[in-house]
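Each chain is listed here by its residues.
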2 protein chains.
Amino acid sequence: MHNDDLVALSKIPLFAGLSLAQLEELTQAGFVHALPTGATLFEQGEMPGFLHVILRGAVAVVGTAPADQAADAPAHREAIITVFGANDALIAPAVLLTLPYMMSARVIEAARIAFLPAQAIRDLLANHAGFAQESALMLARHWRLLVRELKDLKLRSVSQRLAGYLLSLAPAAQTAPAQVALPFDRRVLASWLGTTPENLSRSIAQLGGLGVAIRGRKVHIADPDLLHRFSREDNLR
Amino acid sequence: MHNDDLVALSKIPLFAGLSLAQLEELTQAGFVHALPTGATLFEQGEMPGFLHVILRGAVAVVGTAPADQAADAPAHREAIITVFGANDALIAPAVLLTLPYMMSARVIEAARIAFLPAQAIRDLLANHAGFAQESALMLARHWRLLVRELKDLKLRSVSQRLAGYLLSLAPAAQTAPAQVALPFDRRVLASWLGTTPENLSRSIAQLGGLGVAIRGRKVHIADPDLLHRFSREDNLR
DNA sequence: CGAAATAATTGACCCAGATCAAACACGGTC
DNA sequence: GACCGTGTTTGATCTGGGTCAATTATTTCG
């Protein structure tokens, strides 16, 4: 494993408590891969072999509906459950519990990813108090992310979710007009927001009436405050 | 705190690693309340003061949409995000991270609940390796529960979710007809499944065609296997 | 550069599930 | 047993968002 990668890992809170020796032992049997958009890290149902840590890029975690084996096969559906970015560890729960993945993971933005052996991670959890503590805190944060998605899905419309998402891209600019860039293509964005590309288009058009102009991946938000009120977002993260 | 309660707590994996002395210290500043259906444990937005552990009964965790302050107030919506039962610890993430609750908690089945001071829990996380490890494992399990709900919501119909829920009530009876009882009233069930009571009724009627008879809270499943195929559930928990 | 492939938008239509409203079905209580 | 309130079902209608299909950008690449 390259030294830069080791340094990057050591800066992630989850591993910050490890001594250099421990970190080197952990990465001994691990490796780093650069993966292009579209690459699959693992499939739903597989047993986890590694904890994946994203050093750069982004990975979507997608759930796939059990295929219908009826004669009129209806194109197996799938949905992005959540997206992980740089410095995130990918699906620790399956790794820690030694249970099969409930979802598949696909690279959606060219990524550099560390593969750390699952057993070594489990050993760390059992033997390293600091690691266990950081694991708990990380999992707690991840839990809250999912809760937010669940609340969004049950309580807000597609347009509201889109509005909220656009605001989340803008760095805290509450009143001044903001200019942001969409990090993903429409298909990914749609699936993440829990809708279809067609509908996303319509929602984008709808937000035009609230001072949002989107051309390509460039987004101009004329009045963040107005948008925020429309999105009906609670501030709870 | 009553001694029976102490014993009950000590049997929960999360606290199993504590010595008797540590457990007593933890419960020193805590207490146990018996709460009727409808009681509220905490509200969305509040800062957590306690970790709640359910000794008996059940608690629903509900997200509420920010009220619309427009003139035509549209009855503030809310949705059950998940339900916790006996031996579950309620929303450790907010407690561990010292962040406001993202949801409210309401008793939906007469409950006996231990209130453990949040700060004591955080201290345990920092100082007790076994507790930190068990916390991580518990949070990992909870994460997978939410993932399942998210997948269900995005990929399956109300009837399919209902079918899956009914099967989850029946203890592993894969082939033989099964008789189960709904633990909650229709309103709660509907909200949990992500629908309305009216629609739940219709879904119930629909399942009649698959050998499911529901009268009151008694459910008779004539052919669990048929129901299972209809529900299109993957076995991933 | 221009053709082919891919991505995004637009339009027409459909459907699962929500909403509104009314009719029932009960368990309690007196 | 009659009364009342709550919980449940049924019916009619509406609608957000999905699906299908055709069109119009964008890329990608020879």
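Residues numbered from 1 in each chain as written. Chains lettered and ligands numbered in written order. Predicted model: local features only at pLDDT ≥ 70, side-chain atom pairs only at ≥ 80, totals over all residues. Heavy atoms only, no water.

## Thoughts on the overall build of chain A
Then, in step 1: Check the secondary structure of chain A and you find ten helices and nine strands.
Then, in step 2: Against the compact-globule benchmark of 18 Å for 237 residues, chain A has a radius of gyration of 20 Å, which places it among compact chains.
Then, in step 3: Viewed in the frame of its principal axes, chain A has a C-alpha envelope of about 55 × 55 × 30 Å.
Then, in step 4: Here chain A holds 237 residues, and the buried ones make up 51% of them.
Then, in step 5: A sequence separation of at least 24 residues applies to 75% of the contacts in chain A between residues at least 6 apart. (Helix = DSSP H or I, 4+ residues; strand = E, 2+ residues; numbered from the N terminus. Rg over C-alpha atoms; globule rule 2.2 N^0.38 Å. Buried < 20%, exposed > 50% of the residue type's maximum accessible area, 1.4 Å probe, protein only. Contact = heavy atoms within 4.5 Å.)

## Here's the deal with the relation of the copies chain A and chain B
A rotation about an axis combined with a shift along that same axis relates the two copies of the chain.
Then, in step 1: Least-squares fitting of chain A to chain B yields an RMSD of 0.0 Å, with the superposition described by an axial translation of 0.0 Å and a rotation of 180°. Taken together, the turn and the small shift mark the pair as related by a two-fold rotation axis.
Then, in step 2: A high fraction, 100%, of the interface residues of chain A reappear at the interface in chain B, so the copies pair face to face through one surface. (Least-squares fit on C-alpha atoms with pLDDT ≥ 70 in both.)

## Quick notes on the nonpolar core
For soluble globular proteins, the rule of thumb is that nonpolar side chains tend to be buried together.
Then, in step 1: Counting residues in each nonpolar core, the largest one holds 110 residues, and the members touching the most others are Phe15 and Leu90 of chain A together with Phe15 and Leu90 of chain B.
Then, in step 2: When residues no more than four places from it in sequence are discounted, the contact partners of Phe15 of chain A are Leu9, Ser10, Leu23, Leu26, Leu51, Val53, Leu116, Ile121 and Phe131 of chain A. (Core = buried A, V, L, I, M, F, W, Y, C linked by side-chain atoms within 4.5 Å.)

## Considering the domain arrangement of chain A
Residue and element names in this part refer to chain A.
Then, in step 1: Looking at chain A, the domain boundaries give domain 1 (3-153) and domain 2 (157-231).
Then, in step 2: On a C-alpha basis, the centroid separation for the pair domain 1 and domain 2 is 27 Å.
Then, in step 3: Taken residue by residue, the interface counts twelve residues in domain 1 and seven residues in domain 2.
Then, in step 4: Counting each side, the surface lost to burial between domain 1 and domain 2 is near 740 Å², with a carbon and sulfur contribution of 64%.
Then, in step 5: The largest contributions to the domain 1 side of the interface with domain 2 come from Ile80, Val83 and Ile108, which together make up 51% of the buried area.
Then, in step 6: At the boundary of domain 1 and domain 2, one finds zero salt bridges.
Then, in step 7: There are two residue pairs in polar contact (both at pLDDT 80 or more) connecting domain 1 and domain 2.
Then, in step 8: Elements that contribute at least two residues to the side of domain 1 that touches domain 2 include exactly β4 (78-84), β6 (104-117) and α6 (129-155).
Then, in step 9: Top contributing element to the side of domain 1 that touches domain 2 by residue count: β4, with six residues. (Domains from an automatic or database assignment. Buried area = accessible area lost by both parts, 1.4 Å probe. Salt bridge = Lys/Arg side-chain N within 4 Å of Asp/Glu carboxyl O. Polar contact = N/O pair within 3.5 Å; in protein donor to acceptor, adjacent residues only side chain to side chain.)

## Notes on the side chain of Glu149 of chain A
Then, in step 1: Within the secondary structure layout, Glu149 of chain A lies in helix α6.
Then, in step 2: No salt bridge forms around the buried Glu149 of chain A; measuring N to O, its nearest opposite-charge neighbour Lys154 of chain B is 4.7 Å away.
Then, in step 3: Excluding residues that lie within four positions of it along the chain, Glu149 of chain A makes contacts with Ile81, Thr82 and Trp192 of chain A together with Leu150 of chain B. (Lys, Arg positive; Asp, Glu negative; His and termini not counted.)

## Re the protein's contact with DNA strand C
Then, in step 1: Near DNA strand C you find 15 residues, and of these Arg187 and Ser201 of chain A together with Thr195, Asn199 and Arg202 of chain B are the closest.
Then, in step 2: The protein-proximal atoms of DNA strand C, defined as those within 4 Å of the protein, are 69% sugar or phosphate.
Then, in step 3: For DNA strand C, a phosphate oxygen lies 2.6 Å from a polar atom in the side chain of Ser201 of chain A.
Then, in step 4: Here Asn199 of chain B contributes a side-chain N or O atom positioned 2.5 Å from a phosphate oxygen of DNA strand C.
Then, in step 5: Where the surface near DNA strand C is concerned, the elements lending two or more residues are α8 (186-193) and α9 (197-207) of chain A together with α9 (197-207) of chain B.
Then, in step 6: Among the residues forming the surface near DNA strand C, the class breakdown is one nonpolar, six polar and eight charged. (Near = heavy atom within 4 Å. Nonpolar A, V, L, I, M, F, W, Y, C, P; charged D, E, K, R; others polar.)

## Re the protein's contact with DNA strand D
Then, in step 1: In the vicinity of DNA strand D, 15 residues are found, and the nearest of them are Thr195 and Asn199 of chain A together with Arg186, Arg187 and Ser201 of chain B.
Then, in step 2: In the interface set of DNA strand D, defined as its atoms within 4 Å of the protein, sugar plus phosphate atoms amount to 66%.
Then, in step 3: In the model, a base nitrogen of DNA strand D is placed 3.4 Å from a nitrogen or oxygen of the Glu198 of chain A side chain.
Then, in step 4: The side chain of Arg186 of chain B places a nitrogen or oxygen atom 2.9 Å from a phosphate oxygen of DNA strand D.
Then, in step 5: Of all elements in the fold, only α9 of chain A together with α8 (186-193) and α9 of chain B reach the threshold of two or more residues within the surface near DNA strand D.

## Topic: the pairing of strand β7 (residues 178-181) of chain B
All names here are of chain B.
Then, in step 1: Where burial is concerned, the two faces of β7 differ: the one with Ala178 and Val180 is buried and the one with Gln179 and Ala181 is not.
Then, in step 2: Inspection of the sheet shows β7 paired to strand β9 (residues 218-221) by four bridges, in the antiparallel sense. Paired with Gln179 across the strands is His220, a residue of β9. (Pairing = 2+ DSSP bridges.)

## Description of the sheet that holds strand β9 (residues 218-221) of chain A
Residues and elements named next belong to chain A.
Then, in step 1: Taken in spatial order, the three strands line up as β7-β9-β8 in an open sheet, and their pairing is antiparallel. Every interior strand has two partners, whereas the edge strands, β7 (178-181) and β8 (212-215), have only one. Here the strands of the sheet are splayed against their neighbours by 15° on average, with no regard to which way each runs.
Then, in step 2: Sheet analysis places β8 next to β9, joined by four bridges and oriented antiparallel. (Axes fitted to C-alpha atoms, helices over the stretch in contact; angles between N-to-C directions.)

## A closer look at the sheet that holds strand β8 (residues 212-215) of chain B
Residues and elements named next belong to chain B.
Then, in step 1: The antiparallel open sheet is built from three strands, whose spatial order is β7-β9-β8. On the outer flanks of this sheet lie β7 and β8, each paired with one strand and no other. On average, each strand axis in the sheet is inclined to that of its neighbour by 15°, with strand direction left out of account.
Then, in step 2: The strands touched by helix α7 (residues 158-169) within the sheet are β7, β8 and β9, with β7 carrying the most contacts at an inclination of about 100°.

## Describing the pattern of salt bridges
All names here are of chain A.
Then, in step 1: Across all of its chains, the model carries 14 salt bridges over all chains by this definition.
Then, in step 2: The salt bridge partner of Arg106 is Glu78, with a shortest N-O separation of 2.9 Å. With Arg106 in strand β6 and Glu78 in strand β4, the pair connects residues that are 28 residues apart, well separated along the chain.
Then, in step 3: Overlapping salt bridges bring together Arg148, Asp152, Arg156 and Glu233 as one network.

## Details of the packing of helix α7 (residues 158-169) of chain A against α8 of chain A
Angle between the axes and distance between the axes are the two parameters that describe a pair of packed helices.
Residue and element names in this part refer to chain A.
Then, in step 1: Closest axis-to-axis distance for the α7/α8 pair is 10 Å, and the angle between their directions is 115°. In the crossing of α7 with α8, the sense of the turn from one axis to the other is right-handed. In contact with Arg161, Leu162 and Tyr165 of α7, α8 contributes Leu189, Trp192 and Leu193.
Then, in step 2: Here the contact of α7 with α8 is composed, by residue class, of five nonpolar, no polar and one charged. (Left-handed = near helix turned anticlockwise from the far one by under 90°.)

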